[in-house]
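A closer look at the structure
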Amino acid sequence: GGDSPLYVMFTSGSTGTPKGVVVPHRAVARLVVGQEFIQFGPDETFLLHSPLSFDASTLELWGSLLHGARLVLAPNISLGLDDYARIIVEKGVTTLWLTAAMFHLAAEHAPDLFAPLRQLVFGGDVISPRHVERIRKLYPALRMVNGYGPTENTTFTCCYQVPREYRAEGTLPIGSPIAHTTVHILDAEHNA
């Protein structure tokens, strides 16, 4: 059933000691079924390059397979920018998830890496608005999404689709709750 455990993932430990999170089947379905932050379906090709111990792999793996998309498995090596660019072109990758650090590195040193993509999701840390604006100007048709969420909520809680007219001012928003998700903002006393 939906509440049955699917897998156990450990948090990063950024707020102390990493802890194990039991992720039920319904949590993965919530992440990838009935969503609009990116397109899922048979016309997409996802790259599975995140380690299975990192919750981004949930989006790559189940987002593709539950919608009949193609899933390309990255080689079991540490990937550099040239490797990403080659795989994206050779395998026809259309949807890519990158950590904030890898996105910043690619935006700075290999922006052509994004040219073949239709969808780019990034997150896992604070995203540089300057880098987002640079890629947005180069590829106005590219769907760019800032994904935010703790492991405890199965990859994403909120997403922000970067508008075509985006300009780097202030911080990049984390966006709105994804479908089937409610967010409560609490004060220091845990009151809404």
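Residues numbered from 1 in each chain as written. Predicted model: local features only at pLDDT ≥ 70, side-chain atom pairs only at ≥ 80, totals over all residues. Heavy atoms only, no water.

Here's the deal with helix H5 (residues 129-138)
Of the residues making up H5, those classed as buried are Pro129, His131, Val132, Glu133, Ile135 and Arg136. Of the surrounding secondary structure, the elements contacted by the buried residues of H5 are helix H4 (100-109), strand S6 (119-123) and strand S7 (143-148). (Buried < 20%, exposed > 50% of the residue type's maximum accessible area, 1.4 Å probe, protein only. Helix = DSSP H or I, 4+ residues; strand = E, 2+ residues; numbered from the N terminus. Contact = heavy atoms within 4.5 Å.)

A few points about the packing of aromatic side chains
Here the structure, examined in full by the defined rule, presents seven aromatic pairs. Their ring planes at 90° and their centres at 6.1 Å tell us that Phe37 and Phe40 sit as a pair that is edge-to-face. Under the relative-accessibility criterion, Phe37 is labelled buried at 4%. (Phe/Tyr/Trp six-rings, centres within 6.5 Å; stacked < 30°, edge-to-face > 60°.)

Some details on the environment of Arg164
Relative to the assigned elements, Arg164 resides in the loop between strand S8 (158-161) and strand S9 (176-177). Residue classification places Arg164 among the exposed positions, given a relative accessible area of 57%. Along the chain, Arg164 and Lys91 lie 73 residues apart, while their C-alpha atoms are 27 Å from each other. Setting aside residues no more than four positions away along its own chain, Arg164 makes contact with Arg136, Pro140 and Ala141.

Things to note about the pairing of S6
In terms of burial, S6 is a largely internal element, five of the five residues being buried. Side chains Gln119, Val121 and Gly123 project from S6 onto one buried face, and the interleaved Leu120 and Phe122 project onto a second face that is buried too. Relative to S6, strand S5 (residues 95-99) runs parallel, the two sharing five bridges. Each bridged residue has a counterpart across the sheet, and for Leu96 the counterpart in S6 is Leu120. (Pairing = 2+ DSSP bridges.)

Honestly, that's just the spatial picture; any functional story needs more than this.
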